[in-house]
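# Geometric and topological summary
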Amino acid sequence: METIQKIGLGGSCHWCTEAIFQQLKGVVKVAQGYIASLDENDSFSEAVIVTYTSKVIELKDLIEIHLHTHNSTSNHSFREKYRSAIYYFEENQKLSIEFILKELQKNFDATLITTILKFKEFKPSRNELLNYYAKNPEKPFCKKYINPKLEFLRDNYSNSIN
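Residues numbered from 1 in each chain as written. Predicted model: local features only at pLDDT ≥ 70, side-chain atom pairs only at ≥ 80, totals over all residues. Heavy atoms only, no water.

Under the criterion given, the structure shown has five aromatic pairs. On the numbers, 5.1 Å between centres and 85 degrees between planes, the contact of Trp15 with Phe141 is edge-to-face. With Trp15 in helix α1 (residues 14-22) and Phe141 in helix α5 (residues 140-156), the pair connects residues that are 126 residues apart, well separated along the chain. For Trp15, a relative accessible area of 16% gives the class buried. Pairing Phe141 with Tyr145 gives two aromatic rings, centres 4.9 Å apart and planes at 40 degrees, and the pair type is tilted. Highlighted residues: Phe141 and Tyr145, both in helix α5, separated by four residues, approximately one helical turn. Given the relative accessible area of 26%, Phe141 is considered partly exposed. Overall, the relative accessible area of 40% leaves Tyr145 in the partly exposed class. Among the aromatic residues, ring-to-ring pairing joins Trp15, Tyr132, Phe141 and Tyr145 into one connected group. (Phe/Tyr/Trp six-rings, centres within 6.5 Å; stacked < 30°, edge-to-face > 60°. Helix = DSSP H or I, 4+ residues; strand = E, 2+ residues; numbered from the N terminus. Buried < 20%, exposed > 50% of the residue type's maximum accessible area, 1.4 Å probe, protein only.)

Now the structure itself:
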């Protein structure tokens, strides 16, 4: 029996994040929009909700790809709009994510700033923004920002791509 799970991922433009995770085997759905958490992170930030089959792709692989496809070590001026975060839906996911982040830190020279936050609320993007890359691969934004991330994905995670 397949195990379907969800995880929220934020860190860069949700068009980019959506395009990356739509390429992966085991990803059933990518919902593009804005996620809010609790307390000081209760504002909405660009993110996606990835629904995936854990028997095909593991949470560790999703997180590793996420960390490598956005500035997960840079606390730049757009962090409120592009919060570097992993949003969990169930309490038992939090410990797994903490362990995975600690394990993956060794792959980075700088300290990861990606936070682990409880999912609170999701607002989907407007319809015209959904599947942005699939509908607009020739647009300058896609060529400049999304294509290099997809190339990185092909070069480093080819076994995980559809």
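We are not done yet, so read on.
Counting residues in each nonpolar core, the largest one holds 38 residues, and the members touching the most others are Ile7, Phe21, Val50, Leu62 and Ile63. The contact partners of Ile63, leaving out residues within four places of it in the chain, are Ile86, Ile97, Ile100, Leu101 and Leu104. Counting eight residues, the second largest nonpolar core, distinct from the first, contains Ile49, Ala85, Leu117 and Phe119. (Core = buried A, V, L, I, M, F, W, Y, C linked by side-chain atoms within 4.5 Å. Contact = heavy atoms within 4.5 Å.)

Another aspect to go through is the packing of helix α2 (residues 59-68) against helix α3 (residues 91-104). Interhelical geometry of α2 versus α3 gives an angle of 50 degrees and a closest axis separation of 10 Å. Taken as axis vectors, α2 and α3 run oblique relative to one another. Between α2 and α3 lies a crossing of right-handed hand. Touching Leu59, Lys60, Ile63, Glu64 and Leu67 of α2 are Ser96, Ile97, Ile100, Leu101, Glu103 and Leu104, all from α3. Per-class residue counts for the contact of α2 with α3 are seven nonpolar, one polar and three charged. (Axes fitted to C-alpha atoms, helices over the stretch in contact; angles between N-to-C directions. Parallel < 35°, antiparallel > 145°, perpendicular 65-115°, else oblique. Left-handed = near helix turned anticlockwise from the far one by under 90°. Nonpolar A, V, L, I, M, F, W, Y, C, P; charged D, E, K, R; others polar.)

Looking now at the environment of Ser72. Among the structural elements, Ser72 can be located in the loop between α2 and β4 (85-88). In the structure, Ser72 is positioned 50 residues away from Gln22 in sequence and 20 Å away in space, judged by C-alpha atoms. Only 2.8 Å separates the side chain of Ser72 from the backbone oxygen of Leu67, close enough to count as a polar contact. (Polar contact = N/O pair within 3.5 Å; in protein donor to acceptor, adjacent residues only side chain to side chain.)

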